[in-house]
Amino acid sequence: MDHHILQKAQCFQENLGKIAKSIPLVRTGPYLPGATEKTSKDGTAGTPNLQLYDVKTGTCLKSFIQKKVQNWCPSWSDDEIICARNVNNEVHFFENNNFNMIANKLHLQKINDFVLSPGPQPYKVAVYVPGSKGAPSFVRLYQYPNFDGPHAALANKSFFKADKVTMLWNKKATAVLVIASTEVDKTGASYYGEQTLHYIATNGESAVVQLPKNGPIYDVVWNSSSTEFCAVYGFMPAKATIFNLKCDPVFDFGTGPRNAAYYSPHGHILVLAGFGNLRGQMEVWDVKNYKVISKPVASDSTYFAWCPDGEHILTATCAPRLRVNNGYKIWHYTGSVLHKYDVPSNAELWQVSWQPFLDGIFPRKAITYQAVPSDIPSEEPKASTAYRPPALRNKPITNSKLHEEEPPQNMKPQPGNDKPISKTALKNQRKHEAKKAAKQEARSEKSTPDLAPSPAPQSSVQNTMSQPTSGDPERDKKIKNLKKKLKAIEQLKEQAATGKQLEKNQMEKIQKEKALLQELEDLELGI
């Protein structure tokens, strides 16, 4: 592990002015934005509350007046040539970190958020405008600095049911995934509101990603190849599915205890994990062959990160999410723990991260399924049995499950059904099966006589039902009516047997049973 350098740094918060909201450090650069509580006076523009600092010198480069509390942080391109910030109904762009002059403006009424595309020029930006007064919300894609004109937008996608959105660019900056969320689910199906997933491409294509299972969207992540993405969604146990750029499902991983997905830097390995309120179970998948490599468990983990070499994984338990049992582990993707560090009980670990490297430094290696050797023993949690009350402990165990887990599509028992079925096809299939079952049931009722043994009065009724008709319509009608009366009497007798109190007229009907049987026998003897 000599060539894998691990940087540990404690997160800090600095009081700038009155109340520091948050201080995000720029991804690769030397600039530090900080926002303080908004202060303003009557009749004045207010005091500047957004400052940009040079990390090397500590000097304040520029101060702004930031009115909005949300989405206040400036955003830089990967090469830090342009910087953008949201100001009222505009996005202001600065070039070469010259904050004294606005290079370009993107004006949209009620613009709420924006995201710059990754990678080099040409730069692209995705902007979000929430809906109002019955109008839909929309996300538009632009190429910097072409913002003017009715046809300046590269793509547009409008949708309803969106109080906020999360916009995710792929690595090649050719498409954006939009997670639209509402704070309240009006159907009452979810406490966390309602979420939908949308796809927008810079070539103008757009679509709604159809998710087969209802429920929240926990995570959506792009593959580094920018040709596919994975979504983790649905009520627990959650489903995970890989989609292509046409938003068609490519592979269904079934259901499991998961709420996050992580592609390796080379995109050839996918980790499905369940952190937070889940046990920390991980599934490591070979994306090309769709095979499980390993299933390690990182209990109480609050952080996950791939090493730039695409072979090692970092999991950590950090404060303030958890203030006990802090520490980190370095894994090989085959499930072996290669390094472990536990923080002393009187200390806390706030942050841990890999040393960054440029893309292409580490070549992609062939996937191995054999666990690499390690000096650290595995600490797999012991399988705990379910609690059984004393009254059931000496009785056989029944295999009852709260949720029926669905296996991955290549492990399902149906051969040749690898492609997930769409909602419409599944609905038609269920209708067809229901009609087929109804026809078979009706056919069996007509063709199969009731041959079950029963008491004498009932058997006489059943035997008469199988007798041929007399050819006299009037006599057949009388026989049919008598059988109906006898059947009703049998139902009343069954009700009385269960303890139900019968009415006086119902008791009189039961007393007439013998006379009705005699009358029926006389009619049938005359056939």
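Residues numbered from 1 in each chain as written. Predicted model: local features only at pLDDT ≥ 70, side-chain atom pairs only at ≥ 80, totals over all residues. Heavy atoms only, no water.

Check the secondary structure of the chain and you find five helices and 29 strands. Every one of the 527 residues in the chain was classed for burial, and the buried ones make up 36%. Sequence separation of at least 24 residues holds for 42% of the intrachain contacts in the chain that already meet a minimum separation of 6. Accessible area of the chain: about 32,200 Å², with a carbon and sulfur share of 52%. (Helix = DSSP H or I, 4+ residues; strand = E, 2+ residues; numbered from the N terminus. Buried < 20%, exposed > 50% of the residue type's maximum accessible area, 1.4 Å probe, protein only. Contact = heavy atoms within 4.5 Å. Areas by Shrake-Rupley, 256 points an atom, 1.4 Å probe, with all protein chains shown as cover.)

The subject of this paragraph is the sheet that holds strand S27 (residues 327–332). Across the sheet, which stays open at both edges, the four strands sit in the order S25-S26-S27-S28 with antiparallel pairing between neighbours. Looking at strand neighbours, the two that pair on one side only are strand S25 (303–306) and strand S28 (337–342), the edges of this open sheet. Each strand axis lies, on average, 15° off the axis of its neighbour in the sheet, ignoring direction. (Pairing = 2+ DSSP bridges. Axes fitted to C-alpha atoms, helices over the stretch in contact; angles between N-to-C directions.)

A few words now on unusual backbone geometry. Each neighbour pair has its own omega, and for Tyr144 with Pro145 the value is 0°, a cis peptide bond. Here Pro145 shows up in the loop between strand S11 (137–143) and strand S12 (155–159). In this model, Ala319 is joined to Pro320 through a cis peptide bond whose omega is 5°. Structurally, the position occupied by Pro320 is in the loop between strand S26 (312–317) and S27. One non-glycine residue, Asn88, lies in positive phi territory at about 50°.

Applying the stated criterion across every chain yields a total of nine salt bridges. A salt bridge links Arg258 to Glu283; the nearest nitrogen and oxygen atoms lie 3.0 Å apart. One end of the pair, Arg258, is in the loop between strand S20 (249–256) and strand S21 (260–263); the other, Glu283, is in strand S23 (residues 282–286), with 25 residues separating them in the sequence. Residue Arg258 is classed as buried on the basis of its relative accessible area, which comes to 1%. Judged by relative accessible area, Glu283 falls into the buried class, the value being 14%. With its nearest N and O atoms 3.5 Å apart, the salt bridge here joins Lys365 to Glu311. Of the two residues, Lys365 sits in the loop between strand S29 (352–354) and helix H1 (423–447) while Glu311 sits in the loop between S25 and S26, which places them 54 residues apart along the sequence. Each member of the salt-bridge network shares a partner with another, and the members are Glu490, Lys493 and Glu513. (Salt bridge = Lys/Arg side-chain N within 4 Å of Asp/Glu carboxyl O.)

Looking now at helix H5 (residues 513–525). An ideal rise of 1.5 Å per residue puts 18 Å on 13 residues; H5 measures up with 18 Å between its terminal C-alpha atoms. When H5 is considered as a whole, its buried residues turn out to be Glu513, Leu516, Leu520, Leu523 and Glu524. The arc enclosing the buried residues of H5, seen along the axis, measures out at 95°, which places them on a common side. With respect to the buried face of H5, the exposed residues turned more than 90 degrees away are Lys514, Ala515 and Leu525. (Expected span 1.5 Å × (residues − 1). Arc of directions from axis to C-beta.)

Further remarks concern the sheet that holds S11. Strand order in the open sheet formed by four strands is S9-S10-S11-S12, and the pairing between neighbours is antiparallel. Two strands close off the open sheet at either side, each with one partner strand: strand S9 (113–116) and S12. Put simply, the sheet's adjacent strands are angled 15° from each other on average, direction ignored. Pairing analysis gives six bridges linking strand S10 (residues 124–129) to S11, with the strands arranged antiparallel. Each bridged residue has a counterpart across the sheet, and for Ala126 the counterpart in S11 is Leu141.

Within the secondary structure layout, His92 lies in strand S7 (residues 90–95). At 2.8 Å, the side chain of His92 and the side chain of Glu90 are in polar contact. In this view, His92 contacts Cys83, Ala84, Arg85, Val87, Ile102, Asn104 and Lys105; residues no more than four positions away in its chain are not counted. (Polar contact = N/O pair within 3.5 Å; in protein donor to acceptor, adjacent residues only side chain to side chain.)

Okay, the nonpolar core next. Formed by 18 residues in total, the largest nonpolar core has its most connected members in Phe93, Leu106, Val125, Val127 and Tyr142. If one sorts the elements of this core by residue count, S10 sits on top with three residues. Look past the residues within four positions of Val125 in its chain and what remains in contact with it is Phe93, Leu106, Phe114, Val115, Leu116, Arg140, Leu141, Tyr142, Phe147 and Trp169. Ile179, Leu211, Phe243 and Cys247 belong to the second-largest nonpolar core, a separate cluster that totals 16 residues. (Core = buried A, V, L, I, M, F, W, Y, C linked by side-chain atoms within 4.5 Å.)

Here strand S3 (residues 50–54) runs beside strand S4 (residues 60–64); their pairing, made up of four bridges, is antiparallel. Each bridged residue has a counterpart across the sheet, and for Tyr53 the counterpart in S4 is Cys60. Counted between consecutive antiparallel strands, the loop separating S3 from S4 contains five residues, among which Gly58 sits at a positive phi close to 80°.

Any two packed helices are characterised by the angle at which their axes cross and by the distance between the axes. At a minimum axis separation of 10 Å, helix H3 (residues 473–497) and H5 run at an interaxial angle of 150°. In this view, H3 runs roughly antiparallel relative to H5, as classed from their interaxial angle. The chirality of how H3 crosses H5 is left-handed. On H5, the residues touching Arg475, Lys478, Ile479, Leu482, Lys483, Lys485, Leu486, Ile489, Glu490 and Lys493 of H3 are Glu513, Leu516, Leu517, Glu519, Leu520, Leu523 and Glu524. Residues that form the contact of H3 with H5 fall into these classes: eight nonpolar, no polar and nine charged. (Parallel < 35°, antiparallel > 145°, perpendicular 65-115°, else oblique. Left-handed = near helix turned anticlockwise from the far one by under 90°. Nonpolar A, V, L, I, M, F, W, Y, C, P; charged D, E, K, R; others polar.)

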